[in-house]
Every structure is written in C-alpha cells, then in structure tokens.
Amino acid sequence: MTDDLTRQIGETRYDEADLTEVDMGAARDPAGSPPPEGTVTPDGVGCHAPSEQMEAQARASGMSEILDQYAADYPQGPHDKPQSMCPAFGSLRVGLRMRRVATMLSGSACCVYGLTFVSHFYGARRSVGYVPFNSESLVTGKLFEDIRDAVHEMADPERYDAIVVTNLCVPTASGVPLRLLPNEINGVRIVGIDVPGFGVPTHAEAKDILAGAMLNYARAEIEAGPVQAPASGKSDRPTVAMLGEMFPADPMMIGAMLAPMGLAAGPVVPCREWRELYAALDSSVCAAIHPFYTAAVREFEAAGRPIVGSAPVGHDGTAAWLAAIGEATGVPAAQVAAAQNAFLPAIKGALSGARIDGTITLSGYEGSELLVARLLIESGANVPYVGTACPKTPWSAPDAAWLEAKGVKVQYRASLEDDCAAMEAVRPDLAIGTTPVVQKAKELAIPGLYYTNLISARPLMGPAGAGSLAEVVTAAMGNAERMETMREFFEGVGHGDTAGVWEGDPNLQPKFREAHQKKLDKQARAAKAQEMI
C-alpha cells in the first residue's frame, strides 16, 4: 500500500481487503418480484445480524405478540442475555426425548447443523427434519408452503403422535407464520413454535416454550372430550406433577416420600410421551421443581391446579416442601408429619455421613442451581455465591430466601462475567460452573467441576440426594495441588493472542490496535447519538 493512500485514509492498514467492492442486497420490489441473491429477509437481515435488528425485523413482520409474550415470560437482566448455547437446543432436546414425536427445524443451515450435532452428541438417536430455504423462498412465502408440504408428507399416524415444527432466528425474523399450519393432519398433532435467539434468553427456557405449547394443546383436547389414559394406568391416589428434567431416580424418591401422605408422583414435564400430558394436567398439584417453566405453569393454573415451588432437597428443604404439598392438597397435618418423620432422620443421617469441608462458588444454566447450593450448604460447604442464568420467579423464592439467610449472594440472570468475577474474588476451594468458568478457574489453579455433566446429572431429592454430591466434590477439591503443578508447568505460554510457545516476542501491532479502538469508540458514540434521537 502506498504512503499516499495511507495518509488519505488516516489509519494504519496492512492490505486493501476492506476496499473490495461488495454487492449489497436490495429491498423487495413493491411489485413482488424476488430480490437479488444475497438478501436473506425482506430487509436484508441475516443470521449474522445483531439481535436488536433481528427483533425489529420480526416485529415488523407481525411477530410482536409472540415476542411480547416471551419478554413477559422470560425477562432479561441488565445485560443482553446469558452466554449459553443456542436456546433452540432446549426445545429440540425435549422433542427428541419423546416417543412417537417427530421434530422439524426451519432455520439457517449452519444453525441446523450445529443443533443436530449437539443433539446427537447428547444421545439423540433419531433424525431431525429440516426445511431448507433461500432468499427467494423466504421473502415470497414459499418457505411456509414448503414447511406445510413437509408436515403433510411426514404426518403418518402409524409412526407419530405429534410433529414439532420450530422456527429459528431467520424464519422468525421474517414472520414465517407457523400458527397457520393445520392443528392436526391424519390424526397427527402439529405443534409450531418460534425459538429465536433474540427473544429467548436460554436453552432452559426454550424447554418451557415447547412444554407449554404441548400442555396447551393437550388441555384443549381434554376440554373437547375423552382422551387416552396413561400407558401405566390411572393412579388410585391423587398425584403430584413435577416440572423440570430430573435424574431418573428423583421422581421415584419423591413418590416414596409422598406415599405416607396418601399421594403419588405424577408425570414429569417435559414428558416422554404425549398421553403423559393428560395425566400431568389431571394431577392435584404441580410441583415447580425447576422454577423457570413459566408457560407450563400458566397451563396448569388454567387447568385449576395449584403450584408449589422449591423441592425436597436436604433436611430443611424436604420438611418445608412436604408441608407445602400437604397444604396444597388438603392432606391432614398428621399424615404430613408421618412423611416427615419417616424421611427427615434418614436425610440428616446421610448429610452427616457425607460432609463437605471447603468453599465453593456455584453457577450454571440448568435451573437447579439454588437447589444444589442448598444441598451443598447442608452438607457443610461454605457457598458464598450462586449464579443462575435463569430468571427470578415466585417458585424459586423459598430457595432464594433460605440461601440469603445463610449469607449467600444469589445472582439471577448471571452472566459469565458475574460468575468469573465471583470466582476470582472468592478464590474458592472448588468452582462449579459452565465450561468457560471452569476453564478460567483451572487457569488460576482452582479445581473446577462442569455443572451440567458432573453435578446436575446426579440424584438430588430426599435421602438419595443428601449424600450424592460429597464424593465427587471432595475428590475435586483434593486436586488443588495438581492444579498448581499444571499451572506452573504451563507458566509463560501466554494468554489470548500471545498464547503458545514463541521463540521470540509475539509480533504485536500497538498502532493498529490503537487505530482500531478509535474506530470502535467512534461507532459507539454514533450509536449513542442515534439512541438520543
């Protein structure tokens, strides 16, 4: 590059790549002719666009009602959203775990590839349907017709009870109207949902979107007439439906604790089979084990079912939860006391026999973080900080109050920065969190455990849960010396753009960084000025 050109542009440059001519997409012609290649939505919004731009386009395309409902159900915190995986993974996981339920995605090919890859990584053993699109089919409405044709082709009552169709970011931003799909085809139910990354904060809440949509459909079926009984038959006792994916042993343990009260454990929502939805809505009470299922709770409340928050974790949590369930179902106090007397001593014994000695910071995005913190504290651990990517709801209030009374800082809608700052400030004996939190902890020679795979995948309820965490937590805390040895071994390899083993000093470009920072500052000032206008 010549010196004249450098002076003319007024900033440090290394090539002329930014001067390359780019063909820009054009707005849709009023006459309805298809746009040139390169346009993704009618306003040129692609999956790479900022979330604000995607949301504005979606509202302009008639999706305001859905986005307003999501904003009410899943309020975001002071930051944009927690840094978790694509939210659609949550709803996709729910659908893939159900028997006789097919799943179909409509979104950018890169998004569909990533979602299906992660789904199969987590053990899905069935295909995921995909309806591809291009610029023309998206803006002319042909994509909706393709989805409708695909649903008709797939709707085989011999194979499926239901088909779930999910719009990802770009189809939602373009207003692809899944609500116009038939409710059923050949007896196969059609459930259409929108799960855009710019409207749903976490994958945990996307589970609620699909669970709520299915409960809504099932409730309408119940109101219309007789429905199928559960495969295992109808319980001869009043049942308690449970909200939230749990370790398989937990519902059985809850059922054992309910038995002295004359109650039985009902279905777990998200369900594994469509007919379980009917049994869940037929339960006497809904236990919001995971407290972020706002849409699902709305359906239970519409069915006239009371909601009980928290869960039977630890000694105090189990005592309070059994009392709350007894009150909600009208069980006599003597029967509630019988259940408490039968299980509380065993829980106390399990806790005293599996003590945890150390300081732990805890964070995650599964929705059960407050429950795990309670269990750790009753096991003897010092837990000064709990961060959850999920929002504050009335059904987590008992857990938050209990933790705060113990001096715990509870952070709802916790960001990665919140979790890392707490871990760095506390310097715990163990950091339990998401992958980047654990990575940061290990860089600081602090032992870490990945929450999703190593903590939430264990029993938590009743006597079985009381001692379940001690072994893995204590073993991890014992790795402090090993972590320090590893830190010393890798000392000097660098961080960020200086990571690696260098024979000389990295080739830094401070002038370029300074010029680039000035450009970013200028863009930020322009954006701020635009907001004021």
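Up top is the structure.
Nothing here was measured: the structure is a model prediction, and the numbers come from that model.

**Student:** Help me understand empty space enclosed by the protein, please; the structure alone is not making it clear to me.
**Tutor:** By rolling a water-sized probe across the atoms, one finds the places where empty space is left. Applying the stated criterion to the full structure yields one cavity of 30 Å³ or more. Of the voids in this model, the largest cavity is the one considered here, and its volume is about 80 Å³. Lining the largest cavity are 13 residues, with P291, G367, L370, T388 and S396 positioned closest to its centre. The element best represented in the lining of the largest cavity is helix α15 (residues 369-378), accounting for three residues. When the residues that make up the lining of the largest cavity are grouped by side-chain class, the tally is seven nonpolar, four polar and two charged.

**Student:** Help me out: how do you make sense of the packing of aromatic side chains in this one?
**Tutor:** When we look at a pair of aromatic rings, we describe it by the centre distance and by the angle of the planes. By the definition in use, this model includes four aromatic pairs. Between Y70 and Y74 the ring centres are 6.1 Å apart and the planes differ by 45 degrees, which places this aromatic pair in the tilted class. The class for Y74 is buried, based on a relative accessible area of 2%. Plain terms: the ring middles of Y217 and W274 are 5.6 Å apart, the flat faces sit at 90 degrees to each other, and that makes the pair edge-to-face. Highlighted residues: Y217 in helix α9 (residues 203-224) and W274 in the loop between β7 (264-269) and α11 (275-281), separated in sequence by 57 residues. There is no split in this pair, since Y217 and W274 are both buried.

**Student:** I tried to follow helix α5 (residues 109-121) on my own but got confused; where do I start?
**Tutor:** Note: α-helices contain 3.6 residues per turn, so residues at a spacing of three or four share the same orientation. Here α5 spans 18 Å end to end across 13 residues, near enough to the 18 Å set by a 1.5 Å rise per residue. Within α5, the full set of buried residues consists of V112, L115, T116 and S119. Down the axis of α5, the sector holding all buried residues measures 95 degrees, keeping them to one side. Away from its buried face by more than 90 degrees, α5 exposes C110, Y113 and F121. Looking at the packing, one finds that the buried side of α5 touches α4 (88-96), β1 (101-106) and β2 (129-130). Directly beyond the C-terminal end of α5, a positive phi value near 105 degrees is found at G123.

**Student:** Could you clarify how one ought to interpret the packing of α4 against α9 in this entry?
**Tutor:** Axis angle and axis distance: for two packed helices, these are the angle between their axes and the distance between the axes, and together they describe the pair. Where α4 meets α9, the closest approach of the two axes is 6 Å, and the angle between their N-to-C directions is 50 degrees. When the axes of α4 and α9 are compared, the pair comes out oblique. As α4 packs across α9, the resulting crossing turns out to be right-handed. Residues F89, G90, S91, R93, V94 and G95 of α4 form the contact with α9, whose own contacting residues are H203, A206, K207 and L210. Of the residues that constitute the contact of α4 with α9, the class distribution is four nonpolar, four polar and two charged.

**Student:** Quick question: what am I supposed to make of the sheet that holds strand β8 (residues 285-287) here?
**Tutor:** Sheet strands pair via backbone hydrogen bonds, and the direction of the pair is either parallel or antiparallel. Read across the open sheet, the four strands follow the order β7-β6-β8-β9; overall the sheet is parallel. The sheet is open, and its two edges are formed by β7 and β9 (307-308), each paired on a single side.

**Student:** Help me understand the sheet that holds β1 in this model?
**Tutor:** As summarised here, the arrangement of the five strands in space is β2-β1-β3-β5-β4, forming an open sheet in which the pairing is mixed. Edge strands, defined here as strands with exactly one partner in the open sheet, are β2 and β4 (184-185). In the packing of helix α7 (residues 142-154) onto the sheet, the strands contacted are β1, β3 (162-167), β4 and β5 (188-194), and the crossing angle to β1 comes to about 165 degrees.

The rules behind the values
Residues numbered from 1 in each chain as written. Predicted model: local features only at pLDDT ≥ 70, side-chain atom pairs only at ≥ 80, totals over all residues. Heavy atoms only, no water. 1 Å grid on protein atoms, 1.4 Å probe; cavity = no way out; pocket = protein on both sides within 12 Å on 5 of 7 lines; lining within 4 Å. Points joined across faces, edges and corners; volume = space filled by probe spheres on them. Helix = DSSP H or I, 4+ residues; strand = E, 2+ residues; numbered from the N terminus. Nonpolar A, V, L, I, M, F, W, Y, C, P; charged D, E, K, R; others polar. Phe/Tyr/Trp six-rings, centres within 6.5 Å; stacked < 30°, edge-to-face > 60°. Buried < 20%, exposed > 50% of the residue type's maximum accessible area, 1.4 Å probe, protein only. Expected span 1.5 Å × (residues − 1). Arc of directions from axis to C-beta. Contact = heavy atoms within 4.5 Å. Axes fitted to C-alpha atoms, helices over the stretch in contact; angles between N-to-C directions. Parallel < 35°, antiparallel > 145°, perpendicular 65-115°, else oblique. Left-handed = near helix turned anticlockwise from the far one by under 90°. Pairing = 2+ DSSP bridges.

By themselves, these figures tell us nothing about what the structure is for.
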